[in-house]
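# A look at the structure
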Amino acid sequence: MSTHDETANSGTTEVREGYAFDTASLARWMEANVEGYAGPLEVRQFKGGQSNPTYQLVTPGRRYVLRRKPPGDILKGAHAVEREARVMGALAPLGFPVPRVFGVCTDDSVIGTWFFVMDMVEGRIFWDATFPGVSNEERPAYFAAMNGALAQLHGVDVEAVGLGDYGKAGNYFERQIGRWSKQYLADEEAGRDPDMDRLVEWLPNNIPAGDESSIVHGDFRCDNMIFHPTEPCVIAVLDWELSTLGHPLADFANHAMMYRMPPDIVAGLKGADLAALNIPSEAEYIAMYCRSTGRASIPNWDFYIAFNFFRLAAIFHGIKGRAIRGTAASAHAHERAEKFPLLARLAGEAMEACG
């Protein structure tokens, strides 16, 4: 990701117009629901976050993070902040790197929408998938840390952590393709795209045989993680809005899609000199995951890539629609919306690579 994009998405700003709420009402809720809370309370808004508006809550002794549903009309089932809070709360006792969740509010009268409050984890976020500022010697360890965290997630016993009902088990690709196709087709204001139209027809007829189910993050990228301030260690995985029970290979391919992702869309490695940077190749990264999860290989890899580019294109199509309607959370939503056709084209290219 470019320096411009990192600057645009990093840090906080004054709460943007249309996203303010009653700070005194929130403070009263925190006094009643957040252990150890002590005001006064200052609220700032994080620059990043295209979907669920995210705020930094500053008190004299501690900083917190609040995630809320966006104001205005939203699609049914979207922006489920309560699900984010639930999965992080279930994973924390296992030692999986997630922030501590202090409380969830489903009372719209407090700030206007549902929200949850979690701990603010201090560390480094890499918006650029080449991990600038990290030495060549250490860079492979950062990739191993990401790969290992995702493998750990996929190995979680969902029944044991109380997430057996977190999603529907089985037929993940069929359900996801149907969901994102329906959302894409329903948002008429955002328009249609020929590559997306072809994928809507092709994907459901080319799902690989075999089925698996695990917790899937849904958006596992380097910029959705917080790394230790000085060590190659993931200390918090963020942005669980798309998490559910699903196929682990879909989730891994979504993460490994960074190898084919242009860096000006989201954190991607396309065009980077991997050898010069001492970054594992795509094949090496796949082999690393296979070793951690006991797999011999991953057949039908291009299908998984096509599916994930399609899904991301559908998400950006949704951002485009919200930008048109004026309900997008990010000040840079229009820039994201402009990338939708390119994502659809990349999905189409992966589809064609399947033969």
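Basis of the calculations
- Residues numbered from 1 in each chain as written.
- Predicted model: local features only at pLDDT ≥ 70, side-chain atom pairs only at ≥ 80, totals over all residues.
- Heavy atoms only, no water.
- Buried < 20%, exposed > 50% of the residue type's maximum accessible area, 1.4 Å probe, protein only.
- Helix = DSSP H or I, 4+ residues; strand = E, 2+ residues; numbered from the N terminus.
- Contact = heavy atoms within 4.5 Å.
- Polar contact = N/O pair within 3.5 Å; in protein donor to acceptor, adjacent residues only side chain to side chain.
- Expected span 1.5 Å × (residues − 1).
- Arc of directions from axis to C-beta.
- Pairing = 2+ DSSP bridges.
- Axes fitted to C-alpha atoms, helices over the stretch in contact; angles between N-to-C directions.

## Observations regarding helix H7 (residues 194-202)
Taken residue by residue, H7 has Asp 195, Met 196, Leu 199, Val 200 and Trp 202 as its buried positions. Of the surrounding secondary structure, the elements contacted by the buried residues of H7 are helix H6 (172-186), helix H11 (301-325) and helix H13 (340-353). If you check the start of H7, you find a side-chain oxygen 2.9 Å away from the backbone N of Asp 195, and it comes from Asp 193.

## What about H6?
For H6, with 15 residues, the first-to-last C-alpha span of 21 Å sits near the 21 Å given by 1.5 Å per residue. When we look at burial in H6, the residues that qualify are Tyr 172, Phe 173, Gln 176, Ile 177, Trp 180, Ser 181, Gln 183 and Tyr 184. Considered in projection along H6, the buried side chains sweep an arc of 165 degrees and stay on one side of the axis. Seen from the buried face of H6, the exposed residues on the opposite side, beyond 90 degrees, are Glu 174, Lys 182 and Ala 186. At its buried positions, H6 is contacted by H7, strand S7 (214-216), strand S10 (244-246), helix H8 (248-256), H11 and H13.

## Some words on the sheet that holds strand S6 (residues 115-119)
Judged by pairing direction, the sheet is antiparallel, and its six strands sit side by side in the order S1-S2-S3-S4-S6-S5 without closing on themselves. Only two strands of the sheet have a single partner each, and these edge strands are strand S1 (12-13) and strand S5 (101-105). Across four bridges, the pairing between S5 and S6 is antiparallel. Residue pairing for S6: Val 101 is matched across the bridge by Met 118. Of the strands in this sheet, strand S4 (63-68), S5 and S6 touch helix H3 (residues 81-91), which is tilted by about 35 degrees from S6.

## What about the environment of Gly 162?
With respect to the helices, strands and loops of the structure, Gly 162 is situated in the loop between helix H5 (139-154) and H6. Take Gly 162: its relative accessible area is 41%, and that puts it in the partly exposed class. Remark: the alpha-carbon pair of Gly 162 and Ala 90, spanning 72 residues in sequence, is separated by 7.0 Å.

## Remarks on unusual backbone geometry
Peptide bonds are, in most cases, trans, and in most cases residues other than glycine have a negative phi. The omega torsion across Gly 39 and Pro 40 is 5 degrees, close enough to zero to call that bond cis. As for its placement among the helices and strands, Pro 40 is situated in the loop between helix H2 (23-33) and strand S2 (42-46). The phi torsion at Phe 131 lies on the positive side, around 55 degrees, for a residue other than glycine. Looking at the secondary structure, you find Phe 131 in the loop between S6 and H5. In this model, Asn 300 sits at a positive phi of 60 degrees, which is unusual for a non-glycine residue. Secondary-structure assignment places Asn 300 in the loop between helix H10 (282-293) and H11.

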